[in-house]
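The primary structure of each chain is shown beneath.
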Amino acid sequence: MIFDIGHLILLAALVLAAFGILGGYFGGQQRNTRLIQSSFNAVYAVAALVLVATVILWYGLLSDAFQLSYVWNHSERALPTFYKFSALWGGQAGSLLFWCLLLSGYSAIVAFANRHRHQVMMPYVNSVLLATSLFFLTLLVFAADPFKRVGFVPPDGQGLNPLLQNYWMIIHPVMLYLGYVGMVVPFAFAVGALMSKRLDNEWVHTVRRWTLIPWMFLSAGIIMGSQWAYMELGWGGYWAWDPVENASFLPWLTGTAFLHSIIIQEQRGILKVWNVVLIWLTYFLVILGTFTTRSGVLESVHSFARSDVGPYFLGFLVIILFGFLWLLFDRLPLLRGEHTIDSYSSREAAFLANNWLFAGIAFATLWGTFFPMFSEILTGERISVAAPFFNKVNGPLFLLLLLLMGVAPLLGWRHTSLAAFRKQFTFPTLAALGVGVFVFVVARSLYPMIGLAICAFVVATIIQEYVRGVQARRSTTGENALVAIGNLWRRNGRRYGGYIVHIGIVLIGVAVIGNEFYQQSLSVTLATGESATVGRYQIVYNGMQTDRQANLMEFGAQLEAFHLDSGQQVAVVVPKRNIYDKAPDMPTSEVGLHMSPIEDVYVVLNGWDDGGASATFTIYINPLTMWMWVGGIVLVIGTLIAAWPNPVRRRNESVRALAYATGDD
Amino acid sequence: MLRIHQRLFFSLSLLALLFCLSGSVPSAKSQDSAVEPPATVTANEVKDVADELWCPLCSGVRLDACELKACEQMREVIADKLTAGEPKDDIKNYFVAQYGPQVLGEPPLEGFNWLAWLLPVAVMIGGGVFVWRRMRGMIASKTTEPPPSPAAANNEYYDRLEEELKRYD
Amino acid sequence: MTEATTSDRPPAAGADREQPASKRAVRIWQAVFVLILVGFVVLLALRLVQTNQSEQRAAGEAPSFTFTTFQGETIALEDLRGQGVVVNFWASWCNPCRDEAALLEAAWRREKENGIVFIGLDYLDQEPAAKAYLAEFDITYPSGPDLQSAAARRYGIKGVPETFFIDPQGNIQELVIGPIVSQNRLDELLDQIRP
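Just so it is clear, the structure is predicted and the values come from calculations on it, not from any experiment. Each chain has its residues counted from 1, following the order in which its sequence is written. Chain letters start at A and ligand numbers start at 1, both assigned in the order the entries are written. It should be noted that, the model being predicted, local features are given only for residues of pLDDT at least 70 and side-chain atom pairs only at 80 or more, the latter also being counted only at that level, while totals for whole chains, interfaces and linings use all residues.

Next up on the list: the overall build of chain C. A count of helices and strands for chain C gives 6 helices and 7 strands. The helix count covers DSSP runs of H or I at least four residues long, the strand count covers runs of E at least two residues long, and both are numbered beginning at the N terminus. In chain C, the succession of helices and strands from N to C terminus is α-α-β-β-β-α-β-α-β-α-β-β-α. We call a residue exposed when 12 or fewer other C-beta atoms sit within 10 Å of its C-beta, buried when the count reaches 20 or more, and partly exposed for counts in between; the C-beta positions come from the backbone. Relative to its 195 residues, chain C shows a buried fraction of 35%. We call two residues in contact when the distance between their C-beta atoms, placed using the backbone, is within 7 Å. Excluding contacts between residues fewer than 6 apart, the proportion of contacts in chain C whose partners are at least 24 apart in sequence is 73%.

It is worth spelling out the overall build of chain B at this point. Looking only at helices and strands, one finds 7 helices and 0 strands in chain B. Counting helices and strands in the order they occur from the N terminus, chain B gives α-α-α-α-α-α-α. Once local pairs closer than 6 in sequence are excluded, the contacts in chain B between residues at least 24 apart make up 57%.

Once that is clear, we can look at helix H8 (residues 184–196) of chain A. Residue and element names in this part refer to chain A. One fewer than the residue count of a helix, multiplied by 1.5 Å, yields its expected span. Its 13 residues place the ends of H8 18 Å apart at the C-alpha level, agreeing with the 18 Å of an ideal helix rising 1.5 Å per residue. Among the 13 residues in H8, 13 count as buried, and that is most of the element. Of the residues flanking the end of H8, it is Lys197, one or two places downstream, whose phi is positive at about 60°.

The next point concerns unusual backbone geometry. One non-glycine residue, A:Trp241, lies in positive phi territory at about 55°. By secondary structure assignment, the location of A:Trp241 is in the loop between helix H9 (202–233) and helix H10 (243–268). With 20 C-beta atoms counted inside 10 Å, the residue A:Trp241 sits in the buried group. Positive phi, close to 55°, is recorded for C:Gln148, a residue that is not glycine. Within the fold, C:Gln148 resides in the loop between strand S5 (143–145) and helix H5 (150–154).

Either a parallel or an antiparallel arrangement is found when strands of a sheet pair, and the pairing is made through backbone hydrogen bonds. Residues and elements named next belong to chain A. Across the sheet, 4 strands lie side by side as S1-S10-S9-S8; this open sheet has antiparallel pairing. Of all strands in the sheet, those with a lone pairing partner are strand S1 (520–527) and strand S8 (592–594), marking the two edges. Adjacent strand axes in the sheet meet at a mean angle of 20°, parallel and antiparallel pairs treated alike. Pairing between strands requires that DSSP locate at least two bridges from one strand to the other. Bridge count for S8 against strand S9 (residues 599–609) is 3 bridges, and the pairing is antiparallel. By the bridge assignment for S9, His594 is matched with Val601. Interaxial angle, 0 to 180 degrees, is taken between N-to-C directions of lines fitted to C-alpha atoms, where a helix line uses only the stretch in contact.

Along the polypeptide, B:Gly126 turns up in helix H6 (residues 114–140). The spacing of B:Gly126 and B:Glu72 is 54 residues in sequence and 45 Å in space, taken between C-alpha atoms.

We now examine the confidence of the model for chain B. Residue and element names in this part refer to chain B. The predictor reports its confidence for every residue as pLDDT, a score running from 0 up to 100. Predicted confidence across chain B gives a mean pLDDT of 70, with 60% of residues reaching 70 or more. Of all the helices and strands in chain B, helix H2 (residues 28–32) carries the lowest mean pLDDT, 36, while helix H5 (residues 88–99) carries the highest, 92. Counted against residues more than four places away or in other chains, residues 1–38, with its pLDDT under 50, gives 82 contacts. Throughout residues 146–155 the model reports pLDDT below 50, and contacts reaching past four residues in sequence, or to other chains, amount to 8 contacts.

Turning our attention to the pairing of strand S7 (residues 172–177) of chain C. Every regular strand shows the same layout, with side chains that alternate between the two sheet faces. Residues and elements named next belong to chain C. Inspection of the sheet shows strand S6 (residues 162–166) paired to S7 by 5 bridges, in the antiparallel sense. Directly across from Phe164, in S7, lies its bridge partner Leu175. Counted between consecutive antiparallel strands, the loop separating S6 from S7 contains 5 residues, among which Gly170 sits at a positive phi close to 90°.

Attention shifts here to the sheet that holds strand S3 (residues 84–90) of chain C. Residue and element names in this part refer to chain C. Taken together, the 5 strands give an open sheet; going across it, the order is S5-S4-S3-S6-S7, and neighbouring strands pair in mixed fashion. Each end of this open sheet is capped by a strand with a single partner; those strands are S5 and S7. In this sheet, neighbouring strand axes are inclined to one another by 20° on average, regardless of whether the strands run parallel or antiparallel. Sheet topology note: the S3/strand S4 (residues 116–122) ladder contains 7 bridges and is parallel. Paired with Gly84 across the strands is Ile116, a residue of S4.

Okay, structure coming up:
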């Protein structure tokens, strides 16, 4: 009964969204305040309705309503409560509903925050947001109904996919979706700006924070996904360039490019077309990624079962692609640059190079992801494009990007004089040389040397920037260093927070270099009491323990790691296998992990004999991996500093907004 | 009837896919066929070859990490061939002949697959040339603004910082 | 992609005399860009149609294939016209295949005099394990590796086991996804392809 209401609520939301789109469009065209107000109200109402529908599905999951096909397929009585809760995004229909919930939530916040600003643009922004909601509601109502009945009441559900029964799997999709869905907002503003012909910097100012926050979530989601892959999949790595991973990485790449290139538009009034194109690409890649992971177009281990949502997505993609291009081509004459670039050695030029690299990496990644599909359609041959391809193609580009990250802050807007150039480059170059020589002496290999030297260069640049920033403030205000840093963050968080983000990226880069070039591994079968030697460690197998959990049986191999030279115990490592009652032939692996700043001891349990008398392991020593997670945290902190509202600027913005509101319209 | 079969089968094949990730069933059956190469070949030598091959049944899973039964059997084949003294490249070629280029994890350098490698390079070069020419055009035509003041290099940084800070105030 | 999109940027101030030429260039770039996107969408659509096509595979002319059995005998499907052909895709690592192996072999022994041929195509399998499997179930009908999954791709199989029933005229009459476990069901299917 209540679930039928759930379906009706979604239907009502769909109708309201359609109404709101029209209200926004015609309200914007005719400057009809009542219609515009209706579009705002529609945004709020859709958000409320979708929230109610989600709560109903949650209620179904928590109350074991197995008459619902979704609950039956993705839950079971013995499932721990928090997994019942997270089962909402464990399957096709539920995750689409979750998408829709986040989208309508974002829309409502955006609409509310801007209810008195951008009065010419907002009706169109509402329309675009609602149009995206409308699409997902269409899917939910017609193609993937989360409230579909089984036809009888099964006594128990079939259980949640064991791979998803992991705490990272509760939080990681939420982060990823928050990032993914949030990218709809800047796109909506870009379209709003094009439709209302307000193509100055207004929308760019507004959109910056609305891009930074989803960007932060997307970054965190991607890193958490790597963490999950690292801990659960047990192949010694964190990133496989799998189509689903790429689907989340692509909008990150274009979104990052956008975050950088809007800075030039704000400062110099150029690249206007490129910026709307970038945010459109980001939005397109978000929808494309959602499509490919759900339609079986690119087979991937993470894909949801294929279903009939494919054609809907394709139709929507066509609308996004050609609708937007039509609008863009129509508005081209309004998108003239206001200034030019003065010199190659200017920060504008560095930003252009940054965009060139990001766009190139995004293209190569997109191309590699879809190449197997092209190949199979056009030649009939099945090809796999995996890590070796992406590492070879993207690796050098990432290295260039890293280098640029070090160079760009040293360049001034418009032009950098030779003297300044020399002065700026001395310290970072020395740092890079020092680290490079050190790495070469210790490790005697070329690529890690280049990579780590560049990392050192970037860090040195950032330190230099901070030192100079602090000195500048101290010489004018006389405040102490800590206060000065605080003020730099507060008054120019964009820049000095951005540097913190860069530090996070460098840390991630260091971890990647360590893993890529210095990983050691060993496959070995050990009887109880036997040991194996890997790298600097001796690892002893002490037998198997079994443990009964609510809906699974846990088999853990007890291992101890000792330092080879000192004989000191480093850690107890327990790699596990979980065998689920509802999916006994689909055991999951949990690696045994000892993390340390220098290297991780990472053990996978592959199998065992005679109740654990002997067992087979793959042991990896992964250098510097911990810095990837530290880098992720640093990146989030940096983004928060960059996105934190600046009290002074805020006042100016509201003054400006007021001017717009009461201005020429 | 057909539909029921399909559903059943579909879950089977999905299962197979997930297998690739989650590892073998630690049941008696799989232990028999667990990586137990002949005495002369160590698990590590097998892993060395398997590291460069990709599971043909999954997407993006390396053969040494995949614990599908098919992959276990492939590793056994590798062990047999290593015991027979075959070099690594011959073994890889054997698998390509058996299962096609998808076991390589990257497009082989032949025919249509050249496109996979060349297009990104072409786009990077084309894009780079385009951006550079655009920039050159812009620099050549700069007349709209006075050149930056020839302030002493020492002060340039402070000026810039202050200018930027002011912009936000 | 990069060049196509950035080229939409109008020319910088001061480049006025280039206007007509660059306007045409912009148009051309726009057209190229749109065409690339159209191509991409068309390929996606094609692929979508392919992935949803499994229902239609149980009809029409059977795609041809040639394979070499584990005993070294080469067999082409065309040479079997006039007989009913049962093409079974299997693999030694496939557990459901084991449920039907004995039934298929028994049917072959019973029906081979009645103009029905069984063929086993071994999908992504390993030779030692495959031979052990054939020995275990004492399979005598021709069976061999489907090299580079050539036949599997032409038949669009989604996994193993899948069994195609081809009539003497070379048309697919029936397709069974998953194991055939009932004798009656198998007899019904065979009746459809008897010569």
